[in-house]
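# Notes for the structure review
Single-letter residue listing:
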Amino acid sequence: MIFFSTRDLNVGYGQRTVVKDINMDLKRGEILCLLGPNGCGKSTILKTIIDHIKRLHGSITVLGRDLEGSSLKDRAKEMSIVLTEKIAPNMMIAEEVVATGRYPYTNYFGKLTKRDWQVIDEAIDIVDGQCLRYKEFKALSDGEKQRIMIARAICQEADIMVLDEPTSYLDIRFKVDLLNVLARLSLEKSKTIIMSLHEIDLVPKIADKVMLIKDGEIYRYGTPEDVITDESIKRVYGLNGYSYNTTIGNIELSRNENSPKVFVIGGGGKATKIYRALNKKGIGFYSGILFKNDIDYNISKILAYETIEEEGFIDIGYDKVDKAKRYIENCQAVVDSGVSLKGINRGNYELLRFASQEGVKILSLREEEMDLDVIKHFSISSLLNQLVDMI
Ligand SMILES: Nc1ncnc2c1ncn2[C@@H]1O[C@H](COP(=O)(O)OP(=O)(O)OP(=O)(O)O)[C@@H](O)[C@H]1O
């Protein structure tokens, strides 16, 4: 059963439409994330939903009933709000700010009952905010303020929570904590949550639905699996020259255009840091021989001049080894990341043996001893310093 909907909603300011034709349907307990570049209209949509700005056209309904014209107090029972502007009167301590979330339930004199205090206490617990409770709100850091505002929204006990960039200002631990709290509120208390997020990688982990916004329109709307693709993210954010990998939630800076002078033998995630270090220093490189299911493969495909690849779970083929040897012949050094050289990976041992035989220097991060002539390094930075001197 559909709980919250918008139909042909247009939002904007005065004569200016910022986003048009917004249609969404959410069941009770679903989480929707709005995603899109700066200025695309995420906050404008959220502020229209909570009636902070007047809608230009269309309907916003809860269980089929339009919210237009409902009183502030009734609306507050339906929706709690966390906006980016953290407005709170001077001289309030954090606990008092949280307590204002109980406003829809208090009597004319605003007196809080025992139950109100219980809910306030629980909400403060949820955001791990007991240590902030008696501090002046104004004196809190941005991240601490954010947690208090979220506690305020939680203790409002509304069925719908609307949050504008709730993770901004939060460090990585509180970011993940917050998303866990929201996931629990949706799952255990059937809260319907509508929020904007900037962290594309977090969206598939939390959202049931995603709305991708571009150029005043809804570019795509649906499940994260359908909406968030390498192509859609590249297009919506205009990532020319950069690549976003939705599988691993990773973005890399542009590849340097210098011709390759180094061959990196990677695999097992051991080479990703090497690729990035070489790219930062402007050193072009080949990479291989990588299985397509290796984490290094995703990064190598973006940063390496060319990646020699093999299908996952099979022996590295002779043709791949021969191709890699042709490249190594033209390189000034081989970097050995320390990947296992046994089993299906034996082709990479063959490459090291070839480099040694041809007199191409091998700079190795391998911990165990080898039967080949290699220059051992214990850190990427020392390996890099030697490479820079060599080439
Ligand atoms: N009060 C306002 N009056 C007129 N135009 C506004 C107002 N607030 C925002 N805008 C404009 O509306 C457009 C959408 O802004 P909005 O804040 O909704 O974007 P956003 O997607 O939330 O951006 P961000 O990711 O940077 O927070 C922008 O062009 C902005 O300049």
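All of these numbers come straight from a predicted model, not from anything done at the bench.

A tally of regular secondary structure across the protein gives 14 helices and 18 strands. For 391 residues, the compact-globule estimate of 2.2 N^0.38 gives 21 Å, and the C-alpha radius of gyration of the protein, at 27 Å, exceeds that figure by more than 25%. Principal-axis analysis of the C-alpha atoms gives the protein an extent of 90 × 45 × 35 Å. The contacts of the protein with a sequence gap of at least 6 include a subset with a gap of at least 24, amounting to 61%. As presented, the protein carries roughly 19,100 Å² of accessible surface, and 49% of it is formed by carbon and sulfur atoms. Separation between the mean location of the 54 positive side-chain charges and that of the 57 negative ones in the protein comes to 3 Å.

Here we come to the nonpolar core. Counting residues in hydrophobic clusters, the biggest one holds 49 residues, and the most contacted among them are Leu-182 and Met-195. The leading source of residues in this core is helix α5 (residues 142-155), at seven residues. Ignoring sequence-local partners within four residues, the contact set of Leu-182 consists of Ile-31, Met-161, Leu-163, Ile-193, Met-195 and Ile-206. Residues Leu-9, Met-79, Ile-194 and Met-211 belong to the second largest nonpolar core, which totals 26 residues.

Taken domain by domain, the protein holds domain 1 (4-244) and domain 2 (255-390). Here the C-alpha centre of domain 2 lies 46 Å away from the C-alpha centre of domain 1.

Here we come to the pairing of strand β9 (residues 209-214). With five of six residues buried, β9 is to be regarded as a mostly interior element. Sheet topology places strand β3 (residues 31-35) next to β9; four bridges connect them, and they run parallel. Note on β9: the bridge partner recorded for Leu-34 is Met-211. With antiparallel pairing between neighbouring strands as the criterion, β9 and strand β10 (residues 217-222) make up a hairpin whose turn holds two residues, including Asp-215 at a positive phi of roughly 50°.

Attention shifts here to unusual backbone geometry. Going from Gly-288 to Ile-289, the amide bond is cis rather than trans, its omega being -25°. Positionally, Ile-289 belongs in strand β14 (residues 284-291). Residues other than glycine seldom take positive phi values, yet Asp-8 does so here, at roughly 45°. Relative to the elements of secondary structure, Asp-8 occurs in strand β1 (residues 2-13). Unlike most non-glycine residues, Leu-63 shows phi in positive territory, near 50°.

Once that is clear, we can look at the site of the ligand. Of all residues adjacent to the ligand, which total 13 residues, the nearest are Asn-38, Gly-39, Lys-42, Ser-43 and Thr-44. Here an oxygen atom of the ligand sits 2.8 Å away from a polar atom, N or O, in the side chain of Ser-43. In isolation the ligand has 630 Å² of accessible area, and contact with the protein removes 60% of it. Elements with a minimum of two residues in the shell around the ligand: β2 (16-27) and α1 (42-49). Broken down by element, the residue count for the shell around the ligand peaks at three residues, all from α1. When its residues are assigned to classes, the shell around the ligand shows four nonpolar, six polar and three charged.

Adjacent strands of a sheet pair through backbone hydrogen bonds, lying either parallel or antiparallel. Read from one edge of the open sheet, six strands run β6-β7-β8-β3-β9-β10, paired in mixed fashion. The strands lining the two open edges of the sheet, one partner per strand, are β6 (79-82) and β10. Direction aside, the axes of adjacent strands within the sheet are offset by 15° on average. By the bridge criterion, five bridges tie strand β7 (residues 160-164) to strand β8 (residues 192-196) in an arrangement that is parallel. Paired with Ile-160 across the strands is Thr-192, a residue of β8. Its contacts with the sheet put α5 on β6 and β7, and the angle it makes with β6 is roughly 175°.

To continue, consider the pattern of salt bridges. Counted under the stated rule, the structure contains 30 salt bridges. A salt bridge links Arg-366 to Glu-368, with the shortest nitrogen-to-oxygen separation between them at 3.3 Å. The class for Glu-368 is partly exposed, based on a relative accessible area of 48%. The structure contains a network of salt bridges with shared partners spanning Arg-102, Arg-115, Asp-116 and Glu-157.

The next thing to look at is the packing of helix α10 (residues 272-281) against helix α11 (residues 295-303). The relative placement of two packed helices comes down to the angle between their axes together with the axis-to-axis distance. Two elements in contact, α10 and α11, have axes whose closest approach is 9 Å; the angle formed by their N-to-C orientations is 15°. By the angle class used here, α10 and α11 are roughly parallel. When the axes of α10 and α11 are compared, the crossing they make is left-handed. In this structure, α10 uses Thr-272, Tyr-275, Arg-276 and Asn-279 to contact α11, whose residues at the interface are Ile-295, Asp-296, Ile-299, Ser-300 and Leu-303. Its residues assigned to classes, the contact of α10 with α11 shows four nonpolar, three polar and two charged.

The rules behind the values
- Throughout this document, residue positions are counted from 1 along each chain, in the order its sequence is written.
- This being a predicted model, a pLDDT of at least 70 is required before a residue's local features are given, and a value of 80 or more before pairs of side-chain atoms are given or counted; all residues contribute to the totals for chains, interfaces and linings.
- Computation of side-chain values: all heavy atoms of the structure, hydrogens and water removed.
- Numbering of helices and strands starts at the N terminus; helices are DSSP runs of H or I of at least 4 residues and strands are runs of E of at least 2.
- Taken over C-alpha atoms, the radius of gyration is set against a globule rule of 2.2 Å times the number of residues to the power 0.38.
- By definition, residues are in contact when any of their heavy atoms lie within 4.5 Å.
- Throughout, the Shrake-Rupley method with a 1.4 Å probe supplies accessible areas, and for residues the shown protein chains are the sole cover considered.
- Charged residues are defined here as Lys and Arg on the positive side and Asp and Glu on the negative side; His and the ends of the chain fall outside this count.
- A charged residue contributes its charge at one atom only: NZ of Lys, CZ of Arg, CG of Asp or CD of Glu.
- In these notes, a set of buried Ala, Val, Leu, Ile, Met, Phe, Trp, Tyr and Cys residues joined through side-chain atoms within 4.5 Å is what counts as a nonpolar core.
- Think of it in three bands: residues with accessible area under 20% of the maximum for their type are buried, residues over 50% are exposed, and the middle band is partly exposed, with areas taken using a 1.4 Å probe on protein chains only.
- Residue ranges assigned to the domains are those given by an automatic or database domain assignment.
- In this description, strands pair whenever DSSP reports at least two bridges between them.
- For this purpose, a residue is taken to be near a molecule or strand whenever a single non-hydrogen atom of the residue falls within 4 Å of it.
- By the criterion applied in these results, polar contacts are pairs of N or O atoms within 3.5 Å in which, for protein atoms, one can donate a hydrogen and the other can accept it, and in which residues neighboring in sequence qualify only through two side-chain atoms.
- For this scheme, ten residues count as nonpolar: Ala, Val, Leu, Ile, Met, Phe, Trp, Tyr, Cys and Pro. Four count as charged, namely Asp, Glu, Lys and Arg, and the remainder, Gly too, count as polar.
- Working convention: axes come from line fits to C-alpha atoms, limited for helices to the stretch in contact. Angles between N-to-C directions cover 0 to 180 degrees.
- We define a salt bridge as a contact between a side-chain nitrogen of Lys or Arg and a carboxyl oxygen of Asp or Glu at a distance within 4 Å.
- Working definition: roughly parallel below 35 degrees, roughly antiparallel above 145 degrees, roughly perpendicular at 65 to 115 degrees, and oblique for all remaining angles.
- We call a crossing left-handed when the near helix sits turned anticlockwise from the far one by less than a right angle, and right-handed when that turn is clockwise.

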